[in-house]
Amino acid sequence: MLFRSKTLEAAYWSEHTYHAQMEPMNAVAKVDGDQVEIWVGTQVQPLASAVVANVLKTTPDKVKINLQLLGGGFGRRIWPDAPVQAAVLANIVKKPVKLILTREDDIAAARPRPMTYHVMKAGLDDKKNLVSWHHRIVAENVDAVAAPPRFQATNGRDYIGWVGMSQEFYNIPNLKADAIREIRGMRVHAWRGIGAGYNKFVSESFLDEVAAERGVDPLAYRLELTKDHPRAQAVLKAVAEMSNYKKKRPGRGMGIAFSDYHDTFTAGVAEVSVDKATGKIKVHNYWIAVDPGLVVQPENAQAQVESAIVYGLSGALSEELSMKDGAVQQSNFNDYHVMRMSDIPELHIKIMPTDNPPTGMGEVGIPCVAPAIGNAVAQLTGKRLRHLPMSSDRVKKALA
């Protein structure tokens, strides 16, 4: 029989985000009878040829895709709406068509990361040991919109949106993760880091709340919970050493987070300050240790992690896509705020290759960023931020 003497509970939120790829959606199409030729940067060539073929009532073998550089993908260039539109227009006018969306049109046509709401519960026994953990998410189902065949085949699971909810590398006896599908009519889509981007923010932030209740150091607590997993321990210890985690820094907070996204192990530490007058969070340094198994291209691995960290920082601190009467309210980078170069912290990256199979690098720099920042702010101010992005207005409200 499970004995639980206390239950901790907290609610977390995240807002819609736009992919903000530097090159707006575009494609060139030429249609000659049942033969179609497309020039496009796409993340999934077979999907592009299949959808174009279906719309034009031909077969995929008659659709030639000339693959271009992406100009930024991040999940936005999975769905081939640009080549489909270009192909339809080319078929109508019987001439090659070059389609380029303006930035304003691109944002209006966004396929955003879903808005999410989370309820977290943790049960502690009479010795304050963590004996149960429940993570519930309420959100639109990304697979239902972006991958209907997989949605049907998995009986309504959301492979994209639920990633990062399991806690298999933490030694917690009783775990539960479940989801409630919200149907709001948004055409939500994969966004770099997919569900781990918000789910790890929630779970790693809440774990710090549990550590505070127990009166233990967040790093020590994670090491305690991962004692049976050497690779998890290794990245936690490495990032603590890199950042000199326990060193006191006047006026600054230090926060730590751990992720096992796609079985690539990462641990991140953020050093932050907060301007109480403006509510702006300044990230001064960010450290990350990564064990992705076998590393095939070291320089590319480094670049992918750097890129993902910056993407994660922007999403954590400022990016928010809002809707009114079914329409996106932002129009360009003047009102959809992405991180500027002047705000990028010093990045310290340690790739720790092992003999395990390679498990991927393209998104693994994202999941630890937001929770490490939130945990650092909590350490510095005593206030917990539970809403992404951690914008200036939300910070000032929390500190009031």
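Our subject is the structure listed above.
Residues numbered from 1 in each chain as written. Predicted model: local features only at pLDDT ≥ 70, side-chain atom pairs only at ≥ 80, totals over all residues. Heavy atoms only, no water.

Right, let's talk about helix α9 (residues 298-317) for a bit. An ideal rise of 1.5 Å per residue puts 28 Å on 20 residues; α9 measures up with 29 Å between its terminal C-alpha atoms. All of the buried residues along α9 are A301, V305, A308, I309, Y311, G312, L313, S314, G315, A316 and L317. Here the buried face of α9 lies against β11 (281-291), β14 (346-351), α10 (369-381) and β15 (387-388). (Helix = DSSP H or I, 4+ residues; strand = E, 2+ residues; numbered from the N terminus. Expected span 1.5 Å × (residues − 1). Buried < 20%, exposed > 50% of the residue type's maximum accessible area, 1.4 Å probe, protein only. Contact = heavy atoms within 4.5 Å.)

Strand order in this open sheet of four strands is β9-β10-β11-β14, and the pairing throughout is mixed. At either margin of the open sheet sits one strand with a lone partner, and together these are β9 (253-259) and β14. Across the sheet, the mean angle from the axis of one strand to that of its neighbour is 15°, orientation sign disregarded. Across seven bridges, β9 lies against strand β10 (residues 265-274) in antiparallel orientation. Residue pairing in the sheet places G255 in a bridge with A270 of β10. Where helix α8 (residues 230-243) meets the sheet, its contacts fall on β9, β10, β11 and β14, and the angle it forms with β11 comes to roughly 140°. (Pairing = 2+ DSSP bridges. Axes fitted to C-alpha atoms, helices over the stretch in contact; angles between N-to-C directions.)

Below, the discussion takes up the packing of helix α6 (residues 196-214) against α10. Two elements in contact, α6 and α10, have axes whose closest approach is 8 Å; the angle formed by their N-to-C orientations is 30°. What the angle tells us is that α6 and α10 run roughly parallel. When the axes of α6 and α10 are compared, the crossing they make is right-handed. Where α6 approaches α10, its residues K200, F201, E204, S205 and D208 are matched on the opposing element by A370, P371 and N375. Of the residues that constitute the contact of α6 with α10, the class distribution is three nonpolar, two polar and three charged. (Parallel < 35°, antiparallel > 145°, perpendicular 65-115°, else oblique. Left-handed = near helix turned anticlockwise from the far one by under 90°. Nonpolar A, V, L, I, M, F, W, Y, C, P; charged D, E, K, R; others polar.)

Nothing here speaks to function; it is all geometry.
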